[in-house]
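Summary of the model geometry
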Amino acid sequence: MSLIKTQFYTIVRDGGKMIAQKQNGWTDNNFNYYENKSDNQWYAIEPLTGLSICSSYSRKAVVELANSEKIQKKLED
């Protein structure tokens, strides 16, 4: 699966408020991915909502997890 560099928005907490925050990251046209350097985690973002669906220690790991049958089933439910 190849990834393409992109910019997108995520929903994050900022002092108790939810805000949209611009991210520089990657996409596989299913999900967007970015690295949060403050916690050394990669996040998979659902593009329509801007919400995180999973995280992991590397980009490769989070791409595999986001596209796994387990996560796909949770999104369907």
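In what follows, the accompanying structure is described.

How each quantity is defined
- Throughout this description, residue numbers start from 1 for each chain and increase along the sequence as written.
- This being a predicted model, a pLDDT of at least 70 is required before a residue's local features are given, and a value of 80 or more before pairs of side-chain atoms are given or counted; all residues contribute to the totals for chains, interfaces and linings.
- The side-chain numbers reported here are obtained from all heavy atoms of the structure, hydrogens and water having been left aside.
- We count a stretch as a helix when DSSP gives it H or I for four or more residues in a row; a strand needs E for two or more, and each element gets its number in order from the N terminus.
- To get the radius of gyration, use the C-alpha atoms; to get the globule rule, take the number of residues to the power 0.38 and multiply by 2.2 Å.
- Summary of the burial criterion: residues with accessible area below 20% of their type's maximum are buried, those above 50% are exposed, and those between are partly exposed, where the area comes from a 1.4 Å probe applied to protein chains only.
- Residues are treated as being in contact if the distance between any of their heavy atoms lies within 4.5 Å.
- Throughout, the Shrake-Rupley method with a 1.4 Å probe supplies accessible areas, and for residues the shown protein chains are the sole cover considered.
- Pairs were defined over the aromatic rings of Phe, Tyr and Trp, the Trp ring being its six-membered one, requiring ring centres within 6.5 Å. Orientation was assigned from the angle between planes: stacked under 30 degrees, edge-to-face over 60, tilted for the rest.
- In short, DSSP must find at least two bridges between two strands for them to pair.
- Patch membership requires more than 30% relative accessible area and the absence of a salt bridge. Residues of like charge join within 9 Å; the nonpolar side chains Val, Leu, Ile, Met, Phe, Trp and Tyr join within 5 Å.
- A pairing counts as a salt bridge when a side-chain nitrogen of Lys or Arg comes within 4 Å of a carboxyl oxygen of Asp or Glu.

Digging into the overall build of the protein chain
Counting its regular elements, the protein chain contains two helices and five strands. When its helices and strands are written in sequence order, the protein chain yields β-β-β-β-β-α-α. In terms of C-alpha radius of gyration, the protein chain reaches 12 Å, essentially the compact-globule figure of 11 Å for 77 residues. When the backbone C-alpha atoms are referred to their principal axes, the protein chain occupies close to 35 × 30 × 20 Å. Here the protein chain holds 77 residues, and 34% of them are scored as buried. For the protein chain, contacts bridging at least 24 residues in sequence account for 27% of all contacts bridging at least 6. For the protein chain, the accessible surface area stands at approximately 5,400 Å², while carbon and sulfur atoms represent 48% of it.

Quick notes on the packing of aromatic side chains
In total, this model carries two aromatic pairs according to the counting rule given. Here the aromatic rings of Tyr 34 and Tyr 43 are separated by 5.7 Å at their centres, their planes lie at 25°, and the arrangement is stacked. Grouping residues by exposure puts Tyr 34 and Tyr 43 together as buried. Here a set of aromatic residues connected by ring pairs shows up, and it is made of Phe 8, Tyr 34 and Tyr 43.

A closer look at the pairing of strand β3 (residues 32–36)
Both faces of the sheet carry side chains from a regular strand, because those side chains alternate between them. Pairing between strand β2 (residues 17–27) and β3: two bridges, direction antiparallel. Bridge pairing in β3 links Thr 27 to Asn 32. With antiparallel pairing between neighbouring strands as the criterion, β2 and β3 make up a hairpin whose turn holds four residues, including Asn 29 at a positive phi of roughly 70°. Inspection of the sheet shows β3 paired to strand β4 (residues 41–46) by five bridges, in the antiparallel sense. Within β4, the position partnered with Tyr 33 by the bridge is Ala 44.

Notes on a nonpolar patch on the surface
Together, Ile 11, Met 18 and Leu 51 make up a nonpolar patch on the protein surface, roughly 260 Å² of accessible area in all. Along the chain, the position of Leu 51 falls in strand β5 (residues 51–56). By relative accessible area, which is 42% here, Leu 51 ends up partly exposed.

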